[in-house]
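Single-letter residue listing:
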Amino acid sequence: MTQSPRILILGSYPCVVPRHGGQIRLAEIIANYRRAGFQVQSMNLYTMTATEARGPHDFNYPWNTPWREWNGRQIPLIDDYTAGLYAAGDATIYARLTEAVEGEPDVIEFEHPWLLPLVERWRAEGRFPRALIVYGSHNIEAPLKRAIL
């Protein structure tokens, strides 16, 4: 008997109890993969609050980290972007995220481009070499981020 494919979904917000469009979309993507018979692991990196329901593979992006800076300055509304740099560049969180991956994923899907640095580092280090990479480009946010910066 063959095992159903493993899908690792990387997100930048909570989705256990979805509250807005992106969270709802992510929760529905996960639910639909599961209904189709896939094994799904959702791993999310975001700034946690005390009131949110968290998944078993949700990780905090702390407020007090220099990874939040852009050119030496705190810039509002770019946490999703800097979280990807943090995921790939901070040794502690990189190790925690990498160790949290269950088994060998057949597919790694990431929401928006924000966690691409993590996926790129995994690839550069030869991790998960057989995994198909899927980029979920649901919103084109480059013009917004460019305007902010």
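All of these numbers come straight from a predicted model, not from anything done at the bench. (Residues numbered from 1 in each chain as written. Predicted model: local features only at pLDDT ≥ 70, side-chain atom pairs only at ≥ 80, totals over all residues. Heavy atoms only, no water.)

Q: Account for the overall build of the chain, with residues named and values stated.
A: Along the chain, the regular secondary structure elements total five helices and seven strands. Whereas a compact globule of 149 residues would reach a radius of gyration of roughly 15 Å, the chain reaches 15 Å, a difference of no more than 12%. Overall, the C-alpha framework of the chain stretches about 55 × 35 × 30 Å when taken along its three principal axes. Expressed as a percentage of the 149 residues in the chain, the buried residues total 44%. Partitioning the intrachain contacts of the chain with sequence separation of at least 6 by distance along the chain shows that 63% fall at a separation of at least 24. Charge separation in the chain, taken as the distance between the mean sites of 15 positive and 16 negative side-chain charges, equals 1 Å. (Helix = DSSP H or I, 4+ residues; strand = E, 2+ residues; numbered from the N terminus. Rg over C-alpha atoms; globule rule 2.2 N^0.38 Å. Buried < 20%, exposed > 50% of the residue type's maximum accessible area, 1.4 Å probe, protein only. Contact = heavy atoms within 4.5 Å. Lys, Arg positive; Asp, Glu negative; His and termini not counted. Charge placed at Lys NZ, Arg CZ, Asp CG, Glu CD.)

Q: Report on the packing of helix 3 (residues 91-100) against helix 4 (residues 116-124), specifying residues and quantitative values.
A: What describes two packed helices is the angle between their axes and the distance between those same axes. Contact pair helix 3 / helix 4: the axes reach a minimum separation of 12 Å and the direction vectors enclose 75°. The angle between helix 3 and helix 4 falls in the class roughly perpendicular. Residues Y94, L97 and T98 of helix 3 touch helix 4, and the partners they reach there are L118, R121 and W122. Among the residues forming the contact of helix 3 with helix 4, the class breakdown is four nonpolar, one polar and one charged. (Axes fitted to C-alpha atoms, helices over the stretch in contact; angles between N-to-C directions. Parallel < 35°, antiparallel > 145°, perpendicular 65-115°, else oblique. Nonpolar A, V, L, I, M, F, W, Y, C, P; charged D, E, K, R; others polar.)

Q: Account for the packing of aromatic side chains, with residues named and values stated.
A: Evaluated as defined, the whole model comprises five aromatic pairs. When the ring of W122 is compared with that of F128, the centres are 5.0 Å apart and the planes differ by 85°; the resulting orientation is edge-to-face. Each member of the pair, W122 together with F128, is buried. Directly above the aromatic system of W63 lies the positively charged group of R68, at a separation of 4.3 Å from the ring centroid. The residue whose ring lies beneath R121 is Y94, and the NZ or CZ to ring-centre distance is 3.6 Å. (Phe/Tyr/Trp six-rings, centres within 6.5 Å; stacked < 30°, edge-to-face > 60°. Lys NZ or Arg CZ within 6 Å of the ring centre and 35° of its normal.)

Q: Go over the environment of F59, please, and point to the residues and values.
A: Among the secondary structure elements, F59 is positioned in strand 3 (residues 58-60). Note: C-alpha distance between F59 and I93 (34 residues apart in sequence) is 8.4 Å. With residues near it in sequence (within four places) discarded, F59 still touches M43, N44, L45, Y46, M48, I93, R96, L97 and A100.

Q: Explain unusual backbone geometry to me, using residue names and the numbers behind them.
A: Of note in the backbone geometry, N71 takes a positive phi value of approximately 55° without being a glycine. Residue placement: N71 occurs in the loop between strand 4 (69-70) and strand 5 (73-74). Positive phi, normally seen in glycine, also occurs at F128, with a value near 50°.

Q: Kindly report on the sheet that holds strand 7 (residues 132-136), identifying the contributing residues and their values.
A: If you walk across this open sheet you meet the five strands as 3-2-1-6-7, and the pairing is parallel. In this open sheet, the two edge strands, each paired with only one partner strand, are strand 3 and strand 7. With strand direction ignored, the average angle separating the axes of adjacent strands in the sheet is 15°. Pairing of strand 2 (residues 39-46) with strand 3 involves three bridges; the strand directions are parallel. By the bridge assignment for strand 3, Y46 is matched with N60. (Pairing = 2+ DSSP bridges.)

Any functional reading would require information that these geometric values do not contain.
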